[in-house]
Amino acid sequence: MSKTLTLTDNDTGRSAELPVLEPTYGTPVVDISGVPREIGCFTHDPGYGATSACRSWVTYIDGDQGILLYRGYPIEQLAEKSSFLEVCYLLIYGELPGAAEWVEFEADIRKHTMVHEGLRTIITGYRRGSHPMAMMVGLVGALSGFYHDALDVNDPAHRLACIHRLVAKMPTIAADTHKWGAGQPFMHPDNSYGFVENFMRMMFGVPAEPFEVDPVAARALELMMILHADHEQNASTSTVRLCGSSGTNPYAAIAAGIATLWGPAHGGANEAVVQMLSEIGGRGDIPKFIDRVKDRESGVRLMGFGHRVYKSYDPRASIIRNACHDLLSKLEGTEREQPMFESALELERIARSDDYFIERNLYPNVDFYSGIILSALGFPLNMFTVIFAVARTVGWITQWNEMLGDTEDFRIGRPRQLYLGHARRDYVPAEERS
Ligand code: CMC
């Protein structure tokens, strides 16, 4: 028998029987859509901490147990056994690919790795030294002007074409933003390389020299991209859904997602963590820094700690922490990252034995150790959030596609508000104002 929850307005006696929806896993969800009609009020939930905004079949997080599943598969298994491109297939299509499906998918992605040369002309209009995320927001939005042959969002085949294009082109665009800042020539993709290796070549290679892929580095980047591929209804994904709900084209919706990701409370935290570690100084300065974090007046946060959903260790953070141990011992030229990693471990140790963090269930999140890996791989600080965006694109676009395909629940997103402004009043001419 289906469950309901009764909500009663004690003043008017009006009440509503609200359906309780049972998920595959996790907390049941009360369908409040009938509340305004049956009781005459809206619900208020700033930051959406108690609100499910959609049905989804893509990703599941158990924040208390520290569990993350993509299409039902544990992140630990995917991180160990899969590739980023295979994870893309899994997210987009819902199942791991069979042999023939894989060949077809990989070939289609390869076909789309180049970008229109006009996009590169746009890049040259950016000031040298512009933040790469500033360029990413503009360039991904601009894609809609170049690939307008398949922009009917109501046509599933058009949507799939956009999905493949976005997944394929994001590494090329990301590398171009770096090359523009570095004053080096843009690299064209070379599809004889694997997806991640091609990205590394476009980032770090130059046309004058052959590029040799370090398999240890390539696997580390692959791992980072798998871990960042999707994370259910976070701020940037919800932005993509809300933006896309108006029927706008997917490139514009993904540009909105990139803009949201950029903030330091979201994807910008990986950059902020490395900045924080260098500002703290030596390990001896950590207790002083922790005191500043605990002082509410200071406004300082321990970046890379805390999460809206995880109230235990973020499973991605523990995978990245282990990868740091492994990578830093195998990669050469990590003299800068070794002490940074040691400081981060010490910072985690001190924070996790401090009542402030224990009482609030604050643990390292995905961003705490990821900057150390990206730095060891040679990515400059201002590219960290870009790497996050490249990897998250498949999650954003999968969720966008899911929303448009959900014929039962899909409507334009349109929250309501609690208006606390002035009551109606009459216009006062300028000469009569005090
Ligand atoms: N440092 C110090 N105190 C913190 C932190 C932190 N990093 N995070 C939360 N708190 C405190 C906060 O002050 C509050 O205390 P009180 O109850 O006394 O007022 C309590 O913990 C609850 O925090 P909140 O801000 O209400 O939690 P939220 O769910 O709204 O915010 C968050 C989540 C991720 C924005 C926040 O934890 C934060 O700012 N963390 C630092 C930035 C960061 O690492 N962001 C990356 C998030 S994970 C990857 C991603 O989304 O891209």
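In this text the structure is predicted, and so the values were computed from the model without any measurement.

**Topic: the overall build of the protein chain**
Each helix and strand counted, the protein chain has 18 helices and six strands in total. Its C-alpha atoms give the protein chain a radius of gyration of 24 Å, within 12% of the compact-globule value 22 Å for 434 residues. Seen through its principal axes, the protein chain has C-alpha atoms that stretch 75 × 70 × 60 Å. Counting all 434 residues of the protein chain, 47% fall into the buried class. Put simply, 70% of the contacts in the protein chain that link residues at least 6 apart link residues at least 24 apart. Approximately 21700 Å² of the protein chain is accessible, and the part contributed by carbon and sulfur atoms is 51%. Charge separation in the protein chain, taken as the distance between the mean sites of 40 positive and 55 negative side-chain charges, equals 4 Å.

**Comments concerning the sheet that holds strand β5 (residues 67–70)**
Spatially, the three strands line up as an open sheet ordered β4-β5-β6, and their pairing is antiparallel. Looking at which strands have only one partner, the edges of the open sheet turn out to be β4 (59–62) and β6 (73–74). Pairing between β5 and β6: two bridges, direction antiparallel. Along β6, the bridge assignment pairs L69 with P74.

**Looking at the pairing of β4**
Of the two faces of β4, the one carrying T59 and I61 and the one carrying Y60 and D62 are both buried. Two strands pair when backbone bridges link them, and β4 and β5 are joined in this way by four bridges, in the antiparallel orientation. When the sheet's bridge partners are listed, Y60 is paired in β5 with L69.

**Focus on the sheet that holds strand β3 (residues 29–30)**
Neighbouring strands of a sheet are bound in pairs by backbone hydrogen bonds; such pairs are parallel or else antiparallel. With respect to topology, three strands assemble into an open sheet ordered β1-β2-β3, the strand pairing being antiparallel. Each edge of the open sheet is held by one strand with a lone partner, namely β1 (4–8) and β3. For strand β2 (residues 15–21) and β3, the ladder comprises two bridges, and the chain directions are antiparallel. Bridge pairing links L21 to V29 in β3.

**Here's the deal with the site of the ligand**
Near the ligand there are 22 residues, and of these H266, R296, L302, G304 and R308 occur at the shortest range. At 2.7 Å from an oxygen atom of the ligand is found a side-chain nitrogen or oxygen belonging to H266. Isolated, the ligand exposes 920 Å² of accessible area, and the fraction of that covered by the protein chains is 75%. Of the residues that constitute the shell around the ligand, the class distribution is eleven nonpolar, six polar and five charged.

Rules used in this analysis
Residues numbered from 1 in each chain as written. Predicted model: local features only at pLDDT ≥ 70, side-chain atom pairs only at ≥ 80, totals over all residues. Heavy atoms only, no water. Helix = DSSP H or I, 4+ residues; strand = E, 2+ residues; numbered from the N terminus. Rg over C-alpha atoms; globule rule 2.2 N^0.38 Å. Buried < 20%, exposed > 50% of the residue type's maximum accessible area, 1.4 Å probe, protein only. Contact = heavy atoms within 4.5 Å. Areas by Shrake-Rupley, 256 points an atom, 1.4 Å probe, with all protein chains shown as cover. Lys, Arg positive; Asp, Glu negative; His and termini not counted. Charge placed at Lys NZ, Arg CZ, Asp CG, Glu CD. Pairing = 2+ DSSP bridges. Near = heavy atom within 4 Å. Polar contact = N/O pair within 3.5 Å; in protein donor to acceptor, adjacent residues only side chain to side chain. Nonpolar A, V, L, I, M, F, W, Y, C, P; charged D, E, K, R; others polar.

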